[in-house]
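# Chains, contacts and geometry: an overview
Read off the chains here:
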Amino acid sequence: MLETLAYLARQPILDRDGKIFAYELLFRNSPTSDTAVIASDVLATAQVLENVLNNIGIHRLLGNNKAFVNCSRNMLLDNLFGLLNPKYFVLEVLEDVEVDESVVAAIQRYKALGFEIALDDFVFNEDFIQRFKPLFPYVNYVKMDVVDNSLEDMTRAAGFFKVLNIRLLAEKVEDEATFKRCQDAGYDFFQGFFFAKPELVTGRKIDATSAAILKLIFLLRTRPSLEVLCDNLCKSPDIATNLLRFVNSDSESKHSKIETVKEAIVWVGMRNIHEWLMLMLYARPEMGVTPQASPLFQNASQRAKFLEAVAREIETDNDEFCAKAFMAGLLSRMDALVRAPLETILPDTTNDDEMRDALLNHTGSLGQLLRLADSVELDDTQAIQSAIKELGITAPQLKFCITESYSWKND
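Please read all numbers here as calculations on a predicted model, not as lab measurements. (Residues numbered from 1 in each chain as written. Predicted model: local features only at pLDDT ≥ 70, side-chain atom pairs only at ≥ 80, totals over all residues. Heavy atoms only, no water.)

## Regarding the overall build of the protein chain
Defined as follows: The helix count covers DSSP runs of H or I at least four residues long, the strand count covers runs of E at least two residues long, and both are numbered beginning at the N terminus. Categorising residues by exposure relies on relative accessible area from a 1.4 Å probe, with only protein chains included: less than 20% of the type maximum marks a residue as buried, more than 50% marks it as exposed, and the intermediate range marks it as partly exposed. Residue contacts are defined here by distance: any two heavy atoms, one from each residue, within 4.5 Å place the two residues in contact. Accessible surface is estimated by sampling points in the Shrake-Rupley manner with a 1.4 Å probe; for residues, cover comes only from the protein chains shown.
Broken down by element type, the protein chain carries 20 helices and eight strands. Within the protein chain, the proportion of its 411 residues that are buried is 54%. Considering only residue pairs separated by 6 or more positions, the protein chain has 66% of its internal contacts joining residues 24 or more positions apart. Summing over all exposed atoms, the protein chain offers an accessible surface of approximately 18,400 Å²; the carbon and sulfur share of this is 49%.

## As for the pattern of salt bridges
To keep it simple, the criterion reads: Within this document, salt bridges are pairs made up of a side-chain nitrogen of Lys or Arg and a carboxyl oxygen of Asp or Glu, the two lying within 4 Å of each other.
With the rule as written, the count across this model stands at 20 salt bridges. The partner of Lys324 in a salt bridge is Asp352, with the nearest N and O atoms 2.8 Å apart. Of this pair, Lys324 sits in helix H14 (residues 319-331) while Asp352 sits in the loop between helix H16 (342-345) and helix H17 (353-361), placing them 28 residues apart in sequence. The pair formed by Lys324 and Asp352 is uniform in burial state, with each residue classed as buried. Where Arg333 meets Glu377, a salt bridge forms, and the shortest distance between an N and an O atom there is 3.1 Å.

## With respect to the pairing of strand E4 (residues 89-93)
This is how the line gets drawn: At least two DSSP bridges between two strands are required for those strands to pair. By definition, the crossover connecting two strands over a helix is right-handed if that path, from the first strand to the second, turns clockwise as seen with the strands pointing away from the viewer.
Most of E4 is tucked away, with five of its five residues classed as buried. Across the two faces of E4 the burial is the same, with Phe89, Leu91 and Val93 and Val90 and Glu92 all buried. Two strands pair when backbone bridges link them, and strand E3 (residues 66-71) and E4 are joined in this way by five bridges, in the parallel orientation. The residue bridging Asn70 from the neighbouring strand is Glu92, located in E4. Bridge count for E4 against strand E5 (residues 116-122) is four bridges, and the pairing is parallel. Along E5, the bridge assignment pairs Leu91 with Ile117. For the crossover from E4 across helix H4 (residues 101-113) to E5, the handedness is right-handed.

## Remarks on the side chain of Lys143
Considering the arrangement of structural elements, one finds Lys143 in strand E6 (residues 141-145). For Lys143, a relative accessible area of 0% corresponds to the buried category.

## Section: the state of the cysteines
Worth spelling out the cut-off: We call a pair of cysteine sulfur atoms a disulfide whenever their separation is within 2.5 Å.
Taken as a whole and judged by the stated rule, the model has zero disulfides. For Cys230, which is in no disulfide, the shortest distance to another cysteine sulfur is to Cys234 and amounts to 4.2 Å. Note on Cys230: relative accessible area 12%, which makes it buried.

## Brief notes about the nonpolar core
Here is the rule: Here, nonpolar core means buried Ala, Val, Leu, Ile, Met, Phe, Trp, Tyr and Cys residues that are tied together by side-chain atoms lying within 4.5 Å of each other.
Judged by nonpolar contacts, the single largest core of 127 residues is most densely connected at Phe122, Tyr187, Phe306, Leu330, Met334 and Leu372. Beyond its immediate chain neighbours, meaning those up to four positions away, Leu330 contacts Leu214, Ile217, Met278, Leu281, Tyr282, Ala300 and Ala304. Counting residues in hydrophobic clusters, the runner-up holds nine residues, among them Ile13, Phe21, Ala118 and Tyr141.

## Here we look at the confidence of the model for the protein chain
Put simply, the rule reads: The predictor's confidence in any single residue is recorded as pLDDT, a number from 0 to 100.
Taken over all residues, the pLDDT of the protein chain has a mean of 85, while the share at 70 or more is 86%. Mean pLDDT values for the elements of the protein chain range from 60 in helix H1 (residues 42-56) up to 97 in strand E7 (residues 167-171). Of the regions scoring below 50 in pLDDT, residues 1-6 engages in 16 contacts with residues more than four places distant in sequence or in other chains. Scored below 50 in pLDDT, residues 34-39 makes 17 contacts in the model with residues more than four places away or belonging to other chains.

## Digging into unusual backbone geometry
We note that Asp121 has phi near 50°; this positive angle belongs to a residue other than glycine. Take Asp121: it is sitting in strand E5. Using a relative accessible area of 22% as the deciding quantity, one classes Asp121 as partly exposed. Although it is not a glycine, Asn165 sits at a positive phi angle of roughly 60°. Structurally, Asn165 can be placed in the loop between helix H6 (151-163) and E7. Here Asn165 falls in the exposed class, since its relative accessible area comes to 66%.

## Re the packing of H14 against helix H18 (residues 364-378)
How we decide: Axis lines are fitted through C-alpha atoms, for helices just across the contact stretch, and the angle between N-to-C directions can take any value from 0 to 180 degrees. Angle categories are assigned with fixed cut-offs, so that under 35 degrees is roughly parallel, over 145 is roughly antiparallel, 65 to 115 is roughly perpendicular, and the rest are oblique. Crossing handedness: left-handed means the near helix sits turned counterclockwise from the far one by under a right angle, and right-handed means the same turn made clockwise. All amino acids are sorted into three groups, where Ala, Val, Leu, Ile, Met, Phe, Trp, Tyr, Cys and Pro are nonpolar, Asp, Glu, Lys and Arg are charged, and the leftover types, Gly among them, are polar.
Interhelical geometry of H14 versus H18 gives an angle of 50° and a closest axis separation of 10 Å. In terms of axis orientation, H14 runs oblique to H18. The way H14 lies across H18 gives a crossing that is right-handed. Taken together, the residues of H18 that come into contact with H14 (itself represented by Phe321, Lys324, Ala325, Ala328 and Gly329) are Ser365, Leu366, Leu369 and Leu370. Its residues placed into classes, the contact of H14 with H18 shows six nonpolar, two polar and one charged.

## Some words on the environment of Glu98
Along the chain, Glu98 turns up in the loop between E4 and H4. A sequence separation of 26 residues divides Glu98 from Ser72, and the C-alpha atoms of the two residues are 9.5 Å apart. In this view, Glu98 contacts Arg73 and Val103; residues no more than four positions away in its chain are not counted.

## Quick word on the packing of helix H10 (residues 237-247) against helix H12 (residues 270-282)
Running from N to C, H10 and H12 cross one another at 115°; their axes reach a closest spacing of 12 Å. In this view, H10 runs roughly perpendicular relative to H12, as classed from their interaxial angle. By crossing handedness, the relation of H10 to H12 is classed as right-handed. Between H10, through Ile239, Asn242, Leu243 and Phe246, and H12, the contact on the second element is made entirely by Ile273, Trp276, Leu277 and Met280. The residue inventory of the contact of H10 with H12, partitioned by class, reads seven nonpolar, one polar and no charged.

Put into structure tokens, the structure is as follows:
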């Protein structure tokens, strides 16, 4: 019998401006399963899809973005995806699907319902072109793997599919140089963790305001009293001023003008103060997008919440350890945000030796948590198995923590 809470990996798909366009959803019946639930029988997959959508919710999982979902031949022919909303879901036809009259008819039915269609792992050669040619009139996106295709083939494919009015997506883009090459070749969308591995500038440091925000976020995760939070916030006049400006900026609000930081905290609430600080941290001019549309913001906040949830499973009543886990997740992406090596950033953000060692060397309990986060994001089954064994948590616990990590508001 299937468990109610399915494991779901979510990988961002970005547009040419670096904004999140969609997510690819990867379904597993267990974090330690070698095969995706999506490859099992149709009934089981339907149950898992239903459970995931019911437990997580489309808006919580996607915001206003689309979701690419892998489709096998049996799923297409059995009308499995008829229960999904075509506004959100793109049906991704796997590379091993045999294209015949039945598959073409199924794709036509889905197009009539309003679904967009993608071809997965396309290799730009004559065999693939001839096999999938009958689907080209219905296809919106073709996904090209930068590992399986040469740079010459990637470029040729861009010209070939542009004539057919089909948009190109480059997969497994793991560094900024590859992103720029694909962008120059005319690709529309990009998938991979290149956004977390930009070109770093040696010597660049984090600014004082960002360092102060990080310290306030850590304080909030330890559940401070109102007085302690107020005292610490007032030590950063720039942040305090911005907070007062924020709470008084809502023209539709009926409250009288708020004059003090303490009143502002009470009005906004501890939870919303935390989310406001996260947005301030990632609202950097060089990012060029709003924080919610930034894959780096989504990834950093998600891994921070994931590590905190795992820490809570390990040490239920240890608020300080859970706060450190959250900060380790957040700080692990600060090099990409600031575009500077962690070694130069950490002295201004934390004086905790345990956290520094975890971030720089992946040692200790926090280092184990970071290794688990890396494994989950990369969907590395073997590494996940090793990490949860080290941490002493079960697969159901991990499933719960993964689901919890999608809790950031997408509004």
